[in-house]
Amino acid sequence: MNEHRFANGNTVEATAPEGSDYTQVKSNKRISRRAMLATLGMTGAAVVSGGLMNTMDVMADTVQAIDVMNPPVPLAPLVGDGVTDDTAAFQAILNYAAANRLSVYCPSGKTYLVQSIRIKNGTVSLICDGVIKGKGTAVNGVVQLDGPNLFGGTAVEHFTLQANIDMSGGDREAIKADGCSNCTFTHNRIYGFTNHASLNHYGILLWFSSNYNKIQHNYIDGYDKPTQRGLLIDLIGESANFGGFHDNGNIVPPTRPCVGNIITDNILLNGSYAINLLAVENSVVSHNYCYKQNHRSIYVAQSSNNNIISDNQLIGFLSSGVLLGYGAYKNLVTSNLMKQLDGYNSIGGEAAVNVNTGSYDNLIADNTIESFTNYGVYLAVNSIGNKVDGNAISRHYVAGIALENDWIRPLPTGAKYSRPNYGPPSVGTVWATKDSESNIIQNNIIGSCYTGRAMCAIYVSQLGTTSTKNNIIQNNVVTDTASYAYHLYCFEETSGKLTGNTLKNNSFHMATLSKLFLTRGRGHFKQCAGNDALDTDPYTFAAGDTTPSVGIGGSFVFANSSSTSVTMFDDGADNQTIVVRLDANTTIVYGPSTIRTKGSANIAGASTDQFVTLKRIAGVWYEISRSF
């Protein structure tokens, strides 16, 4: 029980909502400042957000609360029968509370029917143990927090909201705040959303420059599979359109971001997006339970940056667990569980982690992914400098990890595991304007793909005119040798555009080199070494091939059935060393710009007991030694 002292001198012990972990407070007449702070749950916030509660000293040592059923004269009490419109009386009480720095309390067992109510700056808290129900006529939220952008007022500061809000009247927004700061939205229960053919619905929506707020321990149940989008927790700052992505890929920081907010320990059911961050900076999204969103669990876009998304359970999403798009940068996505549900989710969808459209310098680390989306982790379209590190990935439908530079349609032959472009961009005619480069994919464990599928573990592609270059793929482990058609598949549409990459120390655990595909062999890599079968297993050249490929394999065997003159070894890389076994039908032909043999003479094979070692330098193969 929490005891509130009312402005008329009466007291009441208010029972916290079911499931609440509110600190219990006992006193004779007042809520002490210490108890209020405990109730607000702010203890850890100051540490995490860097001073969220630095200005809490403005609160008085005691806080008085107005009981809406017994307010001081001349205020009228609410009816609370769920039929009578309580808007005017409720708003008068809230205005009085703001003017006198008071709290407002709504007893349980009542339903307060309103068009909308607006919290003004100066109100300390609104605690509703009953139910606030909208009439379906609210334009900007059933419960509104005043501010300058939407309402022409003063932004609300240091306010706490705890309420049960019934949305079955058809309203589209439950709570809407305009530039609020240092506010707490806690233990709200929002439910009853209806579907609408053309309008989204929102649970908690914070608008431009809403900073240092805490959204915690809320229960929000969106509409199941809405026609339009259901956004359960939504922070919207101001930024360039699409973060600047459609301006030739030139990402710019937000102009009026939402900064330093904490979203934690919420239960978010259904709807389309559990958490939506647009132009948001330095915020924390952690320990939330997101269940059965029909699009994405967490969406981070419009130049959102330096946010932490950690330790969330993202269950049953349709398209993506976490999407970073339109210039999201320097975000950390770590230690999340992303899992789809058999019997509920259909196969396909985007990716458990989807990083695209100009997103850069993000870290995707130590997540557990068990989803039959097309990809476990997917990087594409102007993705630069991202790191995918230490994730455990399984059950993907197309590829465990994929990196590509563009979305195009139709896809060229050979781009077996690329995402088809669902359509042209909303601005311009092309998606990619910059290279996808300097990404690091390392230390990931890639398990089995979706049952019955024979797809790809790691996929890298280059499409169109931009490049996929200077990326590093290292120290990854593919644990299942049987379920993949390819353990590594590198596709290049435009020669020389998949280049300068590093491939080293990966354990592909493949039984045969046929599970590797490289369009230009080692020509895609500036360094290729230590990749088990790729760099160690013997590879037999096709009979009669005069320019055999040395792109895959560690040693090479000729098996010519008739006289064959070899003039070049294709698909190699500078600094690559090869060992070839001759036969009686093979001659390696000297050439000053192709193969430089000792003595500048051809090497004619006599038996299968003869071996030649060569190394490529500046595009030319030099003989190092021979066994005869």
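Residues numbered from 1 in each chain as written. Predicted model: local features only at pLDDT ≥ 70, side-chain atom pairs only at ≥ 80, totals over all residues. Heavy atoms only, no water.

## Things to note about helix H3 (residues 87-100)
Working step 1: Here H3 is 14 residues long and its end C-alpha atoms lie 20 Å apart, about the 20 Å a rise of 1.5 Å per residue gives.
Working step 2: By the burial criterion, the buried members of H3 are Thr87, Ala89, Phe90, Gln91, Ile93, Leu94, Ala97 and Ala98.
Working step 3: A positive backbone phi angle near 50° is found at arginine 101, which sits one or two residues after H3. (Helix = DSSP H or I, 4+ residues; strand = E, 2+ residues; numbered from the N terminus. Expected span 1.5 Å × (residues − 1). Buried < 20%, exposed > 50% of the residue type's maximum accessible area, 1.4 Å probe, protein only.)

## As for the packing of aromatic side chains
Working step 1: A full pass over the atoms with the stated rule returns 24 aromatic pairs.
Working step 2: Judged by centre distance (5.8 Å) and plane angle (40°), the ring pair of tyrosine 459 and tyrosine 489 falls under tilted. Of this pair, tyrosine 459 sits in strand E43 (residues 455-462) while tyrosine 489 sits in strand E47 (residues 484-492); the two residues are 30 residues apart in sequence, bridging distant segments of the chain.
Working step 3: For tyrosine 489, a relative accessible area of 3% gives the class buried.
Working step 4: With a centroid separation of 6.3 Å and 70° between ring planes, the pair formed by tyrosine 539 and phenylalanine 556 is classed as edge-to-face. One end of the pair, tyrosine 539, is in strand E52 (residues 538-540); the other, phenylalanine 556, is in strand E53 (residues 555-557), and 17 residues separate them in sequence.
Working step 5: Overall, the relative accessible area of 30% leaves tyrosine 539 in the partly exposed class.
Working step 6: Exposure remark for phenylalanine 556: the relative accessible area of 1% places this residue in the buried category.
Working step 7: Lying over the aromatic face of tyrosine 397, arginine 453 brings its terminal NZ or CZ to 3.6 Å of the ring centre. (Phe/Tyr/Trp six-rings, centres within 6.5 Å; stacked < 30°, edge-to-face > 60°. Lys NZ or Arg CZ within 6 Å of the ring centre and 35° of its normal.)

## Here's the deal with the layout of surface pockets
Working step 1: Taken as a whole, the largest pocket encloses approximately 610 Å³ of empty space.
Working step 2: Forming the boundary of the largest pocket are 29 residues, of which Arg229, Tyr273, Arg296, Tyr299 and Tyr326 lie nearest the centre.
Working step 3: At the level of elements, strand E19 (230-236), strand E23 (273-278), strand E27 (296-301) and strand E33 (351-356) are the ones that each hand at least two residues to the lining of the largest pocket.
Working step 4: Class assignment for the residues of the lining of the largest pocket results in 13 nonpolar, 11 polar and five charged. (1 Å grid on protein atoms, 1.4 Å probe; cavity = no way out; pocket = protein on both sides within 12 Å on 5 of 7 lines; lining within 4 Å. Points joined across faces, edges and corners; volume = space filled by probe spheres on them. Nonpolar A, V, L, I, M, F, W, Y, C, P; charged D, E, K, R; others polar.)

## What to know about the pattern of salt bridges
Working step 1: Going through the model one piece at a time under the given rule, you end up with 12 salt bridges.
Working step 2: Lysine 225 is the partner of aspartate 224 in a salt bridge, and the nearest nitrogen-oxygen pair spans 3.6 Å.
Working step 3: With relative accessibility at 40%, the residue aspartate 224 sits in the partly exposed group.
Working step 4: By relative accessible area, lysine 225 is classed as partly exposed at 46%.
Working step 5: Among the ionic pairs, lysine 469 bridges to aspartate 435, the shortest N-O distance being 3.3 Å. With lysine 469 in strand E44 (residues 468-469) and aspartate 435 in the loop between strand E39 (399-404) and strand E40 (436-437), the pair connects residues that are 34 residues apart, well separated along the chain. (Salt bridge = Lys/Arg side-chain N within 4 Å of Asp/Glu carboxyl O.)

Geometric values such as these leave the question of function open.
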